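Letter by letter, the chains look like this.
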Amino acid sequence: MDASFRTMENISVCEHPIALHNLSILRDKNTPSELFRNASRRLAEVLFFSATDNLPVIKTEIETPLTKTHTTIIDPNAKVIIAPILRAALLFSEIASNLLPDATVQHIGLYRCKQTLNPVWYYNKLPDKFKDIENTYVYILDPMLATGGSAIEAISLYVEKGIPQERIRFISLLSAPVGIEKVHTNYPNVKVITAWVDEYLNDHGYIVPGLGDAGDRIFNTLY
Ligand code: PRP
Ligand code: URA
């Protein structure tokens, strides 16, 4: 899996053929919602595999039907948090929860104001205090990293509650250079895992060439 990712300082860009193929489906303006959702799921799965390569593992011994053997499991002390930014990341969180069924899912309700492009809060399911900070691993999910405003708000929630940046990862299907720069200016040690970094943002804050409005295409709300 690692060979399919180009990793620079705290950013991994995917080069796996399955990811690139599905990103092309997402970009196509003629892709209907149902196919858009399925391609998003496939791409999210590839990205989430790579993003979770920092999870701690331990050696253990188990009995197969034939014999005892040494094997490796995710450290049961690890507290994994999946944090989807609503609403577009809901699909993403379904994939992540399937891969890590014991993870806690903390929804973050944010939307981007169409006029100012600033994030607006409407919900957050974080606890007041984290119990086991040294064993906590956070994966923030959002299909689009555009201006970076939503990402910064979500990351700050965890940093302010004491989670080290090194154990917070931000996963997006598609990113703009300015968004990545904003994340790393504010939080240089938060790793960004993305399928691709596009060229620029247009005057309305959309990523170009991009894929349009991810939430609207996923939920078929293009009115
Ligand atoms: C989109 C996207 C991100 C945000 C990215 O959400 O899913 O959350 O924009 O933009 P930014 O980097 O400039 O903050 P949107 O506000 O459209 O909400 P939705 O998911 O409910 O459609
Ligand atoms: N949000 C989206 O859904 N698409 C973009 O291009 C930028 C922000």
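Everything below is about the structure shown above.
Scope of this entry: the structure provided in the associated data block. (Residues numbered from 1 in each chain as written. Chains lettered and ligands numbered in written order. Predicted model: local features only at pLDDT ≥ 70, side-chain atom pairs only at ≥ 80, totals over all residues. Heavy atoms only, no water.)

### Some words on the layout of surface pockets
The gaps left among the atoms become clear once a water-sized probe is rolled over them.
Then, number 1: Empty space within the largest pocket amounts to approximately 660 Å³.
Then, number 2: Contributing to the lining of the largest pocket are 30 residues, with Tyr 111, Arg 112, Ser 150, Asp 213 and Gly 215 lying nearest its centre.
Then, number 3: Residue composition of the lining of the largest pocket, by class: 16 nonpolar, eight polar and six charged.
Then, number 4: Its volume calculated, the second largest pocket comes out at about 330 Å³.
Then, number 5: Taken together, 20 residues form the lining of the second largest pocket, with Ala 78, Lys 79, Val 80, Asp 102 and Ala 103 sitting closest to its centre.
Then, number 6: Top contributing element to the lining of the second largest pocket by residue count: strand β5 (residues 79-86), with three residues. (1 Å grid on protein atoms, 1.4 Å probe; cavity = no way out; pocket = protein on both sides within 12 Å on 5 of 7 lines; lining within 4 Å. Points joined across faces, edges and corners; volume = space filled by probe spheres on them. Nonpolar A, V, L, I, M, F, W, Y, C, P; charged D, E, K, R; others polar. Helix = DSSP H or I, 4+ residues; strand = E, 2+ residues; numbered from the N terminus.)

### Overview of helix α3 (residues 90-99)
What sets the pattern is the α-helix's 3.6 residues per turn: residues three or four places apart point alike.
Then, number 1: Within α3, the full set of buried residues consists of Leu 91, Phe 92, Ser 93, Ile 95 and Ala 96.
Then, number 2: Buried residues along α3 sit in contact with α2 (33-51), β5, β6 (104-105), β9 (136-141), β11 (168-175) and α6 (214-219). (Buried < 20%, exposed > 50% of the residue type's maximum accessible area, 1.4 Å probe, protein only. Contact = heavy atoms within 4.5 Å.)

### Some details on the environment of Ala 83
Then, number 1: Position of Ala 83 among the secondary structure elements: in strand β5.
Then, number 2: Ala 83 sits 56 residues away from Tyr 139 along the chain, and the two C-alpha atoms are 5.9 Å apart.

### Observations concerning helix α4 (residues 149-160)
Then, number 1: Here α4 spans 16 Å end to end across twelve residues, near enough to the 16 Å set by a 1.5 Å rise per residue.
Then, number 2: For α4, the complete set of buried residues consists of Gly 149, Ser 150, Ala 151, Ile 152, Ala 154, Ile 155, Ser 156, Leu 157 and Tyr 158.
Then, number 3: Phi turns positive, to about 95 degrees, at Gly 162, one or two residues after α4. (Expected span 1.5 Å × (residues − 1).)

### Observations regarding the site of ligand 1
Then, number 1: Around ligand 1 sit 15 residues in total, of which Arg 112, Asp 142, Ala 146, Thr 147 and Ser 150 are the nearest.
Then, number 2: One of the backbone nitrogen or oxygen atoms of Gly 148 is found 2.9 Å away from an oxygen atom of ligand 1.
Then, number 3: With the chains in place, 91% of the 500 Å² that ligand 1 exposes on its own is no longer accessible.
Then, number 4: When atoms are counted within 2 Å of each cavity's grid points, the one that captures over half of ligand 1 is the largest pocket.
Then, number 5: Taken together, the residues that form the shell around ligand 1 break down as six nonpolar, five polar and four charged. (Near = heavy atom within 4 Å. Polar contact = N/O pair within 3.5 Å; in protein donor to acceptor, adjacent residues only side chain to side chain. Areas by Shrake-Rupley, 256 points an atom, 1.4 Å probe, with all protein chains shown as cover. Sits in = over half its atoms within 2 Å of the grid points.)

### A look at the pairing of β11
Then, number 1: β11 sits mainly inside the fold: eight of its eight residues count as buried.
Then, number 2: Pairing geometry for β9 and β11, over four bridges, is parallel. Within β11, the residue paired with Val 138 across the bridge is Ile 168.
Then, number 3: Of the pairings in the sheet, the one linking strand β10 (residues 144-145) to β11 comprises two bridges and is parallel in character. From the neighbouring strand, Leu 145 faces β11, where its bridge partner is Ser 175.
Then, number 4: In the sheet, β11 pairs with strand β12 (residues 191-197) via six bridges, with the strands oriented parallel. Note on β12: the bridge partner recorded for Leu 174 is Trp 196.
Then, number 5: Handedness of the β-α-β unit built from β11, helix α5 (residues 177-186) and β12 comes out right-handed. (Pairing = 2+ DSSP bridges. Right-handed = clockwise from strand over helix to strand, strands pointing away.)

### Structural notes on the pattern of salt bridges
Then, number 1: Scanning the entire structure with this criterion turns up five salt bridges.
Then, number 2: Asp 198 is the partner of Arg 27 in a salt bridge, and the nearest nitrogen-oxygen pair spans 2.8 Å. One end of the pair, Arg 27, is in helix α1 (residues 17-27); the other, Asp 198, is in the loop between β12 and β13 (200-201), and 171 residues separate them in sequence.
Then, number 3: With its nearest N and O atoms 2.7 Å apart, the salt bridge here joins Asp 53 to Arg 169. (Salt bridge = Lys/Arg side-chain N within 4 Å of Asp/Glu carboxyl O.)

### Topic: empty space enclosed by the protein
Then, number 1: If you walk through the whole model with that rule in mind, you get one cavity of 30 Å³ or more.
Then, number 2: In this structure, the largest cavity occupies an estimated 40 Å³ of space.
Then, number 3: What lines the largest cavity is simply Ser 40, Arg 41, Ala 44, Ala 88, Leu 91, Phe 92, Pro 143, Leu 173 and Ile 218.
Then, number 4: Secondary structure elements with two or more residues in the lining of the largest cavity: α2 and α3.
Then, number 5: Sorting elements by how many residues they give to the lining of the largest cavity places α2 first, with three residues.
Then, number 6: A per-class count over the lining of the largest cavity returns seven nonpolar, one polar and one charged.

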